[in-house]
Amino acid sequence: MLPTAQNWLDPRPQPRGVALASRPSGSPRRLVCFDNGKLSPPYHRWMPILPELVAQLERLGHVTVECSDLLSEPVADHAAHVARWQRSGIDGVVFALCDAGVTLPTVQLAAAAEAGGIPTAIVCTEQVIEVAAVSAGFLAPGLPLLVITGGRLDGPDQLVAAVAELGSALRDAISQPAAELQARFRRSFPFVAALARRPASTAAEPFAAVAAREFLTDGLPVTEPTRDRVDALLATGDRDPEDRLVMSMAPSGSPLTVRQAAICAAMAGCGPECFLLVVAALRAMAAPEYRLSLASITTYPGANLLVFSGPAAQAAGVAHGRGCLGPAHRANLAIGRAVALTLITVGRAIPGLSTLCQLGSPGQIACCFADDPHGPLPPLHTELVSPGDSIVLVQKCESPHNVLDHLSSTPEQLLATVAAVAATVGGNNAYVPSDLIVILNPEHAEIVARAGWRRRDVQQFLWQEARNERSRLHGRGAKPEWPAEWSALDRVPVAPSPDRIWVVVAGAPGPHSMVAKPWGYAQAVWQPVHRAAVADRWRGDT
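A short tour of the structure in this document, coming up. (Residues numbered from 1 in each chain as written. Predicted model: local features only at pLDDT ≥ 70, side-chain atom pairs only at ≥ 80, totals over all residues. Heavy atoms only, no water.)

This part is about the layout of surface pockets. Over the atoms rolls a probe the size of a water molecule, and in doing so it shows where empty space is left. Computed from the structure, the largest pocket encloses a volume of approximately 960 Å³. Around the largest pocket sit 35 residues that line it, and Y43, G477, A478, K479 and Y521 are the ones nearest its centre. When grouped by side-chain class, the residues that make up the lining of the largest pocket number 18 nonpolar, 10 polar and 7 charged. There is about 480 Å³ of room inside the second largest pocket. (1 Å grid on protein atoms, 1.4 Å probe; cavity = no way out; pocket = protein on both sides within 12 Å on 5 of 7 lines; lining within 4 Å. Points joined across faces, edges and corners; volume = space filled by probe spheres on them. Nonpolar A, V, L, I, M, F, W, Y, C, P; charged D, E, K, R; others polar.)

As structure tokens, then:
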């Protein structure tokens, strides 16, 4: 990170993209048409594209069709594809179809192939072209991106015609010199250069003006990240500022260092105790099962929900009581916002430009709270670690959904209401079951505790009751991803198992609890907060 003339530190990454592979003269002889999962069942609407795309490529050489669902395939498997193509003497690979979340892993695999000397091209829908371009701008500048004009509501004939219009663009993508492709990329996507460069700023220009122009904010004012502010945050930890918290942010593909996280935390207004919790949250989000790269750019209008439990949360002043998920709680908002700003400034996942999210959510600004250390159910950290330690639980999920129940007086009645909110045919987890976070207010938690129920009893009951009739899910929603052993079930659970339902107590007594319904394509992750993060003083209840 370099200081600017204004003495503020810039968290943005430097582009480190690979050079495009050399394109052979004339038509390539051996090509791969790679179905990234969108041209196969159950995405029937796109399937007519494949024969026409193969027909177009056969004019250029021998074509082999391969298929792998890149949305679910680990990025680590990309190297095996590239190695196989190198051994087989493949002259070019054309990927289709980039639509929705499969876009990012497709660009990643294409960049790996280019680095391995194999020319590639990617066929995209209009809906994802900006995200594909930003990712390509960082990972492989100039990567050929071909757009079909067909949409989700078009019929087979229209889609086939859209592919037929690609014509010579396919040939050029895998045969033109790299310099020509790069020049075309710059002309087609001029906004990418602004995101992938480090513009110089003058001493006379206020930080606020630079931040607004260069996409360094979430739309709200940010604090100037001076060296003194950033150094104060870094002094609270025991990690090297250049240590990497996340190996690859999205869509930039750049790593996230402790220093960059501190810059973003300073912009969000974090103090030292808060910054240590930010680091813990980002470490948890870096876990492979969280799938941060996809979570950062998904079409899903979800938040990165942060739940803190233990003394570190109290020391930092993270609220757990009345209105803890709302405004006016500085620590909650600063921590949540610091995490969101890292996605924007380092990952360059800029809402409305380089993410796929269609509507968005207020939770994407900040979604952070602590559980009740003295509630009717034990705080989460006491069951996962020990009373003296602290944890953070992170989950990609909807902003928590209200559960109204003023009348139930037994655990069964109350939790049946919670289960009804957790299971809806419009929720992602109806088709891709994943972790639920259930937030019981102290009054609702007292109903459970007085009956002698423990956390595991609540989990088991909700797992049995939070289900959807299979017949209601057929032909709508999304591609089901249920365990094979569920094939005979008439009622499909919305969580994989009871232990993947996280029950916490927060808020004030009353009729309202909440459920955070998951994105589904990742797991919730919990991470201990390092003991050094706990301040010597105890601030009591927040």
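Okay, back to it.
Take the sheet that holds strand 16 (residues 512–516) next. Taken in spatial order, the 4 strands line up as 11-16-12-15 in an open sheet, and their pairing is mixed. The sheet terminates laterally at strand 11 (401–404) and strand 15 (501–505), the two strands that pair on one side only. The sheet shows a mean angle of 25 degrees between the axes of neighbouring strands, direction not considered. Direction of pairing for strand 12 (residues 436–440) relative to strand 15: parallel, over a ladder of 5 bridges. Of the residues in strand 15, the one forming a bridge with V438 is V503. Contacting strand 11, strand 12, strand 15 and strand 16, helix 18 (residues 442–450) runs over the sheet at an angle of about 95 degrees to strand 12. Sheet contacts for helix 19 (residues 455–465): strand 12 and strand 15; angle to strand 15, the most-contacted strand, approximately 130 degrees. (Pairing = 2+ DSSP bridges. Helix = DSSP H or I, 4+ residues; strand = E, 2+ residues; numbered from the N terminus. Axes fitted to C-alpha atoms, helices over the stretch in contact; angles between N-to-C directions. Contact = heavy atoms within 4.5 Å.)

To continue, consider the sheet that holds strand 4 (residues 120–125). A sheet is described by the order of its strands in space; here 5 strands give the open sequence 2-1-3-4-5, paired in parallel fashion. Sheet topology places strand 2 (62–67) and strand 5 (145–148) at the edges, where each strand pairs with a single neighbour. In this sheet, adjacent strand axes meet at a mean angle of 20 degrees when their direction is disregarded. Relative to strand 3 (residues 92–98), strand 1 (residues 30–35) is paired through 5 bridges, and the arrangement is parallel. Bridged to D35 within strand 3 is A96. Helix-sheet contacts for helix 6 (residues 168–175) involve strand 1, strand 3, strand 4 and strand 5, and the interaxial angle to strand 4 is about 140 degrees.

Our focus in this paragraph is the packing of helix 17 (residues 411–422) against helix 19. A packed helix pair is summarised by two numbers, namely the angle formed by the two axes and the spacing between the axes. Their axes nearest at 9 Å, the elements helix 17 and helix 19 cross at an angle of 50 degrees. Our classification of the angle between helix 17 and helix 19 gives oblique. The chirality of how helix 17 crosses helix 19 is right-handed. Together, E412, L415, A416, V418 and A419 of helix 17 and V458, F461, L462 and E465 of helix 19 make up the contact between the two elements. Its residues assigned to classes, the contact of helix 17 with helix 19 shows 7 nonpolar, no polar and 2 charged. (Parallel < 35°, antiparallel > 145°, perpendicular 65-115°, else oblique. Left-handed = near helix turned anticlockwise from the far one by under 90°.)

The next point concerns the packing of aromatic side chains. Taken as a whole, this structure holds 8 aromatic pairs when the rule is applied. Each ring, one from F189 and one from F191, has its centre 6.5 Å from the other, and the planes form 85 degrees; the classification is edge-to-face. On the accessibility criterion, F189 (12% relative accessible area) is buried. One Lys or Arg, K38, reaches over the ring of Y43 and ends 4.0 Å from the middle of that ring. In this arrangement the basic side chain of R467 is found over the ring face of W463, its NZ or CZ atom lying 4.6 Å from the centre. (Phe/Tyr/Trp six-rings, centres within 6.5 Å; stacked < 30°, edge-to-face > 60°. Buried < 20%, exposed > 50% of the residue type's maximum accessible area, 1.4 Å probe, protein only. Lys NZ or Arg CZ within 6 Å of the ring centre and 35° of its normal.)

So, on to unusual backbone geometry. Residue A96 is joined to L97 through a cis peptide bond whose omega torsion reads 10 degrees. Relative to the helices and strands, L97 is located in strand 3. The phi torsion at R291 lies on the positive side, around 55 degrees, for a residue other than glycine. Following the sequence through the fold, R291 ends up in the loop between helix 12 (272–285) and helix 13 (292–297). For R291, a relative accessible area of 22% translates into the label partly exposed. Positive phi, close to 60 degrees, is recorded for R348, a residue that is not glycine. Structurally, R348 can be placed in the loop between helix 15 (330–345) and strand 9 (368–370).

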